[in-house]
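Fold and contact review
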Protein chains: 2
Amino acid sequence: MQGVRPIDALVNSLSEARVVTDPDVIDSYARDRTFVAPGKPLGVVLAASRDDVVTTMKWASEHRVPVVPRGAGSGLAGGATAGDGAVVLSLARMTAIKELSPADEIAVVEPGVITADLDRAAREHGLMYAPDPSSYEISTIGGNLATNAGGLRCVKYGVTRDSALGLEVVLADGRVMNTGRRTMKGVTGYDLTGLFVGSEGTLGVITSATVRLRRAPAAPPATFAAEFGSLRDAGAAVSAIMAAGCQPSLMELLDRATLEAIDDWRNIGLEPATQAMLIGQSDAADGQAMIERMERLCTENGASFVAVSSSPAETEELIGLRRMAYQAKERLGACLVEDVCVPRSVLPDMISAIEAAGARHGVRICTVAHAGDGNLHPVFIFEHGTVEPPPEVWAAADEVFRHALELGGTLTGEHGVGVLKQRWLALESGPVATEVQRGIKAVFDPLGILNPGKAI
Amino acid sequence: MQGVRPIDALVNSLSEARVVTDPDVIDSYARDRTFVAPGKPLGVVLAASRDDVVTTMKWASEHRVPVVPRGAGSGLAGGATAGDGAVVLSLARMTAIKELSPADEIAVVEPGVITADLDRAAREHGLMYAPDPSSYEISTIGGNLATNAGGLRCVKYGVTRDSALGLEVVLADGRVMNTGRRTMKGVTGYDLTGLFVGSEGTLGVITSATVRLRRAPAAPPATFAAEFGSLRDAGAAVSAIMAAGCQPSLMELLDRATLEAIDDWRNIGLEPATQAMLIGQSDAADGQAMIERMERLCTENGASFVAVSSSPAETEELIGLRRMAYQAKERLGACLVEDVCVPRSVLPDMISAIEAAGARHGVRICTVAHAGDGNLHPVFIFEHGTVEPPPEVWAAADEVFRHALELGGTLTGEHGVGVLKQRWLALESGPVATEVQRGIKAVFDPLGILNPGKAI
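On a predicted model such as this, the values are computed, not experimentally measured, just so you know. (Residues numbered from 1 in each chain as written. Chains lettered and ligands numbered in written order. Predicted model: local features only at pLDDT ≥ 70, side-chain atom pairs only at ≥ 80, totals over all residues. Heavy atoms only, no water.)

Across its full length, chain A holds 14 helices and 18 strands. Relative to the 2.2 N^0.38 estimate, which gives 23 Å for 456 residues, the radius of gyration of chain A is 23 Å and therefore close to what a compact globule would have. Working note: accessible area of chain A is about 16600 Å², and carbon and sulfur atoms make up 50% of it. Distance from the positive charge centre (41 side chains) to the negative charge centre (56 side chains) of chain A: 5 Å. (Helix = DSSP H or I, 4+ residues; strand = E, 2+ residues; numbered from the N terminus. Rg over C-alpha atoms; globule rule 2.2 N^0.38 Å. Areas by Shrake-Rupley, 256 points an atom, 1.4 Å probe, with all protein chains shown as cover. Lys, Arg positive; Asp, Glu negative; His and termini not counted. Charge placed at Lys NZ, Arg CZ, Asp CG, Glu CD.)

Each assigned domain of chain A is listed with its residue range as follows: domain 1 (6–90), domain 2 (97–215) and domain 3 (219–327). A straight line from the C-alpha centre of domain 1 of chain A to that of domain 3 of chain A covers 43 Å. (Domains from an automatic or database assignment.)

Once that is clear, we can look at the pattern of salt bridges. Within this structure, the stated rule accounts for 50 salt bridges over all chains. The partner of Asp373(A) in a salt bridge is Lys185(B), and the shortest N-O contact between them spans 3.7 Å. In this pair, Asp373(A) sits in the loop between β17 (364–370) and β18 (375–382) while Lys185(B) sits in the loop between β9 (176–180) and α7 (192–196), so the two residues belong to two different chains. We classify Asp373(A) as buried; its relative accessible area is 6%. Arg256(B) is the partner of Glu260(B) in a salt bridge, and the nearest nitrogen-oxygen pair spans 2.9 Å. In this pair, Glu260(B) and Arg256(B) are both assigned in helix α9 (residues 256–266), four residues apart and thus about one turn of the helix distant. With relative accessibility at 17%, the residue Arg256(B) sits in the buried group. Each of Asp119(A), Arg123(A), Asp132(A) and Arg153(A) takes part in a single network of salt bridges with overlapping partners. (Salt bridge = Lys/Arg side-chain N within 4 Å of Asp/Glu carboxyl O. Buried < 20%, exposed > 50% of the residue type's maximum accessible area, 1.4 Å probe, protein only.)

Looking at the secondary structure, you find Ile319(B) in helix α11 (residues 312–332). In this structure Ile319(B) comes out as buried when scored by relative accessible area, which is 7%.

Contact residues are listed per partner, giving 70 residues for chain B and 70 residues for chain A. For the pairing of chain B and chain A, the buried interface totals around 5400 Å² over both sides, and the portion due to carbon and sulfur atoms is 60%. Along the contact surface separating chain B from chain A lie 10 salt bridges. Taking the shortest distance from any N to any O, the salt bridge between Glu105(A) and Arg344(B) comes out at 3.4 Å. Counting every contact that joins chain B to chain A gives 28 residue pairs in polar contact (both at pLDDT 80 or more). Secondary-structure elements contributing two or more residues to the side of chain B that touches chain A are β9, α7, α8 (231–243) and α14 (422–444) of chain B. No other element matches the 13 residues that α14(B) contributes to the side of chain B that touches chain A. Partitioned by chemical class, the residues of the side of chain B that touches chain A number 28 nonpolar, 27 polar and 15 charged. (Contact = heavy atoms within 4.5 Å. Buried area = accessible area lost by both parts, 1.4 Å probe. Polar contact = N/O pair within 3.5 Å; in protein donor to acceptor, adjacent residues only side chain to side chain. Nonpolar A, V, L, I, M, F, W, Y, C, P; charged D, E, K, R; others polar.)

Moving on: the environment of Pro390(B). Residues and elements named next belong to chain B. Relative to the helices and strands, Pro390 resides in the loop between β18 (375–382) and α13 (391–406). By relative accessible area, which is 18% here, Pro390 ends up buried. Linking Pro390 and Ala426, residues 36 residues apart in sequence, is a C-alpha distance of 23 Å.

The next subject is the relation of the copies chain B and chain A. Expressed as a screw operation, the relation of chain B to chain A combines 0.0 Å of axial shift with a rotation of 180°, fitting to an RMSD of 0.0 Å. Viewed as a symmetry operation, the transformation between the two copies matches a two-fold axis. Both copies present the same face, since 100% of the interface residues in chain B are matched by interface residues at the equivalent positions in chain A. (Least-squares fit on C-alpha atoms with pLDDT ≥ 70 in both.)

Quick look at the sheet that holds strand β2 (residues 43–46) of chain B now. The pairing of strands in a sheet happens through backbone hydrogen bonds and is either parallel or antiparallel. Residues and elements named next belong to chain B. Strand order across the open sheet formed by four strands is β1-β2-β4-β3, with mixed pairing between neighbours. Lying at the two open borders of the sheet, with one neighbouring strand each, are β1 (19–20) and β3 (67–70). Two elements, β1 and β2, share two bridges in a ladder whose sense is antiparallel. Each residue of the ladder has a partner; that of Val19, found in β2, is Val45. With respect to the sheet, helix α3 (residues 50–63) is in contact with β2, β3 and β4 (87–90), its orientation differing from that of β4 by roughly 165°. (Pairing = 2+ DSSP bridges. Axes fitted to C-alpha atoms, helices over the stretch in contact; angles between N-to-C directions.)

Right, let's get into helix α12 (residues 347–361) of chain B. All names here are of chain B. A rise of 1.5 Å per residue sets the reference length of α12, with its 15 residues, at 21 Å; its end C-alpha atoms lie 21 Å apart and thus fit the reference within 8%. Along α12, the positions that sit buried rather than exposed are Leu347, Pro348, Met350, Ile351, Ala353, Ile354, Ala357 and Gly358. Phi turns positive one or two residues past the end of α12, at Gly362, with a value near 65°. (Expected span 1.5 Å × (residues − 1).)

Attention shifts here to the nonpolar core. Generally speaking, soluble globular proteins have nonpolar side chains that are buried together. Membership of the largest hydrophobic core comes to 62 residues, with the highest contact counts inside it found for Met177(A), Ile440(A), Phe444(A), Met177(B), Ile440(B) and Phe444(B). What Phe444(A) contacts, discounting residues up to four positions off in sequence, is Leu171(A), Ala172(A), Met177(A), Leu192(A), Leu195(A), Phe196(A), Leu203(A), Val436(B) and Ile440(B). (Core = buried A, V, L, I, M, F, W, Y, C linked by side-chain atoms within 4.5 Å.)

Our focus in this paragraph is the UniProt feature "domain: FAD-binding PCMH-type" (unreviewed entry) in chain A. In the numbering used here, UniProt assigns the feature "domain: FAD-binding PCMH-type" (unreviewed entry) to residues 37–216 of chain A. Here residues 37–216 of chain A runs as 22% helix and 25% strand, with 41 Å between its end C-alpha atoms. (UniProt positions renumbered as here; feature names shortened; annotations may be inferred.)

Residues and elements named next belong to chain A. Two numbers describe how helix α8 (residues 231–243) lies on helix α12 (residues 347–361): the axes approach to 9 Å, and their chain directions differ by 150°. The orientation of α8 with respect to α12, classified from their angle, is roughly antiparallel. In this structure, α8 crosses over α12, and the sense of that crossing is right-handed. Seen from α8, the contacting residues are Leu231, Arg232 and Gly235; seen from α12, they are Pro348, Asp349, Ile351, Ser352 and Glu355. In the contact of α8 with α12, the residues fall into three nonpolar, two polar and three charged. (Parallel < 35°, antiparallel > 145°, perpendicular 65-115°, else oblique. Left-handed = near helix turned anticlockwise from the far one by under 90°.)

Attention shifts here to unusual backbone geometry. Residues and elements named next belong to chain A. In this model, Glu105 sits at a positive phi of 55°, which is unusual for a non-glycine residue. By the element assignment, Glu105 lies in the loop between β5 (97–101) and β6 (106–109). Look at Glu105 and you get buried, because its relative accessible area is 9%. The residue Gln247 is not glycine, and still its phi comes out positive at about 50°. Mapped onto the elements of the fold, Gln247 is located in the loop between α8 and β13 (250–255).

Time to look at the packing of aromatic side chains. One pass over the full model with this rule turns up eight aromatic pairs over all chains. Judged by centre distance (5.4 Å) and plane angle (90°), the ring pair of Phe196(B) and Phe444(B) falls under edge-to-face. Placement of Phe196(B) in helix α7 and of Phe444(B) in helix α14 is noted, with a sequence separation of 248 residues between them. With relative accessibility at 1%, the residue Phe196(B) sits in the buried group. Judged by its relative accessible area of 3%, Phe444(B) is buried. Taken together, the aromatic side chains of Trp394(A), Phe401(A) and Trp424(A) make up a single cluster linked through ring pairs. Positioned over the ring face of Trp265(A) is Arg266(A), at 4.1 Å from the centre of the ring. (Phe/Tyr/Trp six-rings, centres within 6.5 Å; stacked < 30°, edge-to-face > 60°. Lys NZ or Arg CZ within 6 Å of the ring centre and 35° of its normal.)

This is the structure we're talking about:
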């Protein structure tokens, strides 16, 4: 059948409207929010149902075409980057919240549901969907599951995996598999749900998820922001707050470079001596008392100034500083957002190492940390308009990654491996785990067509 | 080498003291706490180090000898039952707490550490190890990990998997693999830690675990016990308490049959109209207020009587009722302890179905439930001294399992599949997940020597 491309068979077996073959549109679906350059995929399937996914995977298996599953494309590790000859499988149109049970505190959702939409739907019943990656107004539940997304609230409520109870997945050959359960506990068989969460679409395509909801806090959160003359004091305050059992629902640390970027933009009156700011919240019933306790612990650990919110408007102002951080950095240049995680006690050491790596390689690095989790986002800044990070940025990042591992940490706390961390992966995983993971991948995807080159 | 048994090579490569070949002693190591009859294993290796485990697995791979890993043998699903020609690999002597870091709230332990010992060690630093299966004074961390053990506190703190951060495991061929991390978050590669937890020793032998500790409550818990004239009222009270966000740290339901068994033994003055008792605790800072709120919710939902503890002694008395439950049943006969879990909202339906199954088959069944989780332990009672449960018990259990699945539940909330649930496994897992799990098993254990016939 000379001249007939395999994708025509797919187009015919779905319906024309569901497959995009316009090269410009394809290109926009072949990227995520990293600097990883995509190839030239064959097309984009905009799946509207599980059956579309089954049809696509059967076709892809038959023709041995790589498939790159995708939600909103808000990932930061190149996990959704599509290469030459691949088909992009977008789940963004599968947006149904199929069930929301207040009595059982669960929801059953399609993968394209926007994270914040599920949270809002839950709040109508006094519940919430806890995982809140910074992208949660645009990211999808499917993408969050694929990357095991974290967020600000996970210091109290855990990461996406902690909210995933069961999945429906389509395997590489088009078979449909159900994992997990609707119950809070269950130990029948291996934890396939947990295995899929964070697997970046390399094991199968999630077409439905049963997730756990939690009671939403009754009152608005109480908030503090504290300034410190040294990183070590700020780190000590974090340790003291966690050790006191204050259970913050948010605990963010901004370094001097980040504060300067914000001050540059919005003139927040940054004191010359301030080296770090800590912002904490409590959403507990006794939140105001907890925040006052955190305030005392900050002062006892050398804070030069602590503001405590007594109203939602003031809270917005304090939290606003954290929200401004990323935009403030984007004014300074192009940004490579990184994501190491270390044991909490060595957080100040890690920030010092980041500063040293920046100084050594002449790279401006601004760091924000989910301090309660030891999860740091050093942002490497380079010239606007540069297509990809220059060598000195990678050299500094390489130092940061290696130092995180030396401190007992990990390459990625919540963004994922994608293609961006492939170079460093073996340093953390070791040869046996690497081989075992390849073996697991082959069980699910013997032809290697599911998001090749990602995650492992 | 006629007459030389393969186990002699193992005995020689370890040291004589570490391998038990006395048949009587072997038999005691070939059982857990179920009615599953063991076979005649070749011997028992009492491992004292990771190297012993490596040596054993290399030998077992070479000679294709099945290996049954084992902690305290307190399991309730036959997961540690050893068959003919197997070698039992006991980890009970590996009892070192290698590290306990209050700053990072983690511990690194060998698998033979008794669960309650780790909890006590943590409490010296104001921390706790949260998972508390009823067996926690005798069970080991390794066994808890192998079964993903639950417990009373998991309604607030989650199951064993929620406390497991990283593992060192010895694979079937003797290779050593590290999984996971020391950090609170991390998404490098597939979740091998979660995969091992609950895999009942079928994928590898855990030789070290990094577990998460939590802040121990500052004050002793506050407690209530409420009596209800109907199961449905008790179920409604559970729902109301959970919906109100009271966050109980324990929430147990005892049915009429259980209360009768306790009354029979200890004469607790059981009222004829009482159909169920609910016992709840809060370990929160505002625990007393929370308990009073729970008390009100019980009263509003028809409780005929509610006692609230105002002292540790009274608390002990109320909780004592729950603790007595199992012993009270053992007086009545031999006990098959079951473990279904359903969505919380259908807990009363599940208890009614259990009662109906008992009535239909003429089997006395007493049920205790971790009500906040929807996890029920119906105990099937039959004649003392019977070697295994008679057919009518299995017929009633079969009905109970099928009904749990029909209600959207699972065969096992926290005890595991072992050999006991093999008959029903396919009903829950379905053919695709079953095949996939066999594929995963083959990646780790291509010769099928690790605890064959268990878990999947």
